[in-house]
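# An overview of the molecular structure
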Amino acid sequence: MSVKNLIKHRRISQWIINSINNGQFKPGDKLPSEHALSEQFDASRQTVRHATDELVKKGLLTRQRGSGTYVSGSAITEGFIPKRIGVIITYVDDYIFPGIIQGIEEVLTSNGYNISLGITHNRHLDETACLHRILNDNICGLIVEGTKSSLPNPNLPLFEQLRANGIPMVFLNGCYREFSQSGVFQDDVTAASLLTKHLLKNGHKKFSAIFKSDDLQGLKRFEGMQQALTNARIPLDDKQVLWYTTEDVTSMFSEPIDSFILKRLGGATALVCYNDQIAAHAYELLKRNGKRVPEDISIVSFDNSPLAFDTAYNITSAVYPSMEAGSAAAKLLLRCIRDRSLREHIRLEPNICYRSSVRNLTAETI
């Protein structure tokens, strides 16, 4: 069998298995004819026959002469189909991600599912490798945290292939604009608005910000800050908003760049940071240049990670409920597996954990 036909053979087999997992085909249901499958997958009838023969040998399908091919009555009860969920996430072992994974794992394992985990490091090429592996795995659903979700994505054809194979998907934190699926998202606009209003309440009028440009969360957080400032009739100078991408972080906060960053911050009394990691980097930059938080500049941030409540930083931060987000994504995926037509967006309402990184300028003017 040629490589091209082998790929089609695997796609057909996987589609049949996933369709049973997803409930499209139940024990006793008749499969589409070989002619229909060959047209659906642009494959020869011989390739279709090889694919179904393999599943007949495994006991997943049965043939009835003169009638067609059917799903075996023992296909699920005898465990021929592993209950495996794919999880693709940007990072795994630090920051908020252990909580996300724990939330996913607790729900899925309690429902009898295994996890096939892929890590992208927020890089498209790593996401490509994860998706190719997932396509070859026997999964019945996918939870995915988008990679560089605000940018055009070269992997959309692979996501389309998963959808064509009948794989339900749930997106976490951000969904690609061209690919509308179910998802669990933090309300970043509201979170940023609440943080900005906290600074305004404390008398701050000169703002600066550092946001991430290649993830939707960065754009939404900037939007929430801008809305709150506009409503308060406080202008935000474009020069005092720094934008960065995933690859910029290491060089952006190296000492040779300090003078550039400080110049961009200008005379701001308040700094809104994309997340706690950036806030910690900014804190260290300010410290080595003789600036104090909050005496010289106040800092607020997002995610309420361990960095935020570290006594060295003690940052006021919008809470990202990592375990709740992971649990909600897993439960939503299970509902999507039961109902393939389901499309649902869950929005997590934010709250703020207030700490000592904000100076009260109002109290000082009384």
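Report follows, based on the coordinates. Throughout this document, residue positions are counted from 1 along each chain, in the order its sequence is written. pLDDT decides what is reported in this predicted model: residues at 70 or higher carry local features, side-chain atom pairs at 80 or more are listed and counted, and totals for whole chains, interfaces and linings draw on all residues regardless. Excluding hydrogens and water, the side-chain figures rest on all heavy atoms present in the structure.

### Some details on helix H6 (residues 156–164)
Each residue's exposure class comes from its accessible area (1.4 Å probe, protein chains only) as a fraction of the maximum for that residue type: buried when under 20%, exposed when over 50%, partly exposed otherwise. Helix and strand labels come from DSSP, where a helix needs a run of H or I of at least four residues and a strand needs a run of E of at least two; each type is numbered from the N terminus. All of the buried residues in H6 are Leu156, Leu158, Phe159 and Leu162. Looking straight down H6, one finds its buried side chains confined to an arc of 160°; they lie on one side. With its phi angle positive at about 85°, glycine 166 sits one or two positions after the end of H6. Working definition: the arc comes from the directions between the helix axis and the C-beta atoms, pointing outward to the latter.

### A closer look at unusual backbone geometry
The omega angle of the peptide bond from valine 293 to proline 294 is 5°, so this bond is cis rather than trans. Not every positive phi belongs to a glycine, and tyrosine 95 is a case in point at roughly 60°. Take tyrosine 95: it is sitting in the loop between strand E3 (84–89) and helix H4 (97–110). By relative accessible area, tyrosine 95 is classed as buried at 15%. Although it is not a glycine, lysine 148 sits at a positive phi angle of roughly 45°. With respect to the helices and strands, lysine 148 occurs in the loop between strand E5 (141–145) and H6.

### Considering the sheet that holds strand E6 (residues 169–172)
What the six strands build is an open sheet, ordered E4-E3-E5-E6-E7-E13; its pairing is parallel. Where the open sheet ends on each side, the last strands, each with one partner, are strand E4 (114–119) and strand E13 (345–348). Taken pair by pair, the neighbouring strands of this sheet meet at an average axis angle of 15°, ignoring direction. Sheet topology note: the E3/E5 ladder contains four bridges and is parallel. Within the sheet, the bridge partner assigned to glycine 86 lies in E5 and is leucine 142. Whether two residues are in contact is decided by their heavy atoms, any of which lying within 4.5 Å being enough. Fitted lines through C-alpha atoms give the axes, limited to the stretch in contact for helices. The angle between two N-to-C directions lies from 0 to 180 degrees. Helix H5 (residues 124–136) rests against E3 and E4 of the sheet, and its axis sits at about 155° to E4. At least two bridges found by DSSP between two strands are what make those strands a pair.

### A word on the sheet that holds strand E8 (residues 207–212)
Pairing is mixed across the open sheet formed by six strands, whose spatial order is E9-E8-E10-E11-E12-E14. Of all the strands in the sheet, the pair left with one neighbour each is strand E9 (241–244) and strand E14 (352–353). Where E8 lies against strand E10 (residues 270–273), four bridges are found, and the strand directions are parallel. From the neighbouring strand, isoleucine 210 faces E10, where its bridge partner is cysteine 273. Against the sheet, helix H7 (residues 188–201) engages E8, E10, strand E11 (298–303), strand E12 (316–319) and E14, with an angle of about 160° to E11. Docked against the sheet, helix H11 (residues 276–288) engages E8, E9, E10, E11 and E12, running at close to 155° with respect to E11.

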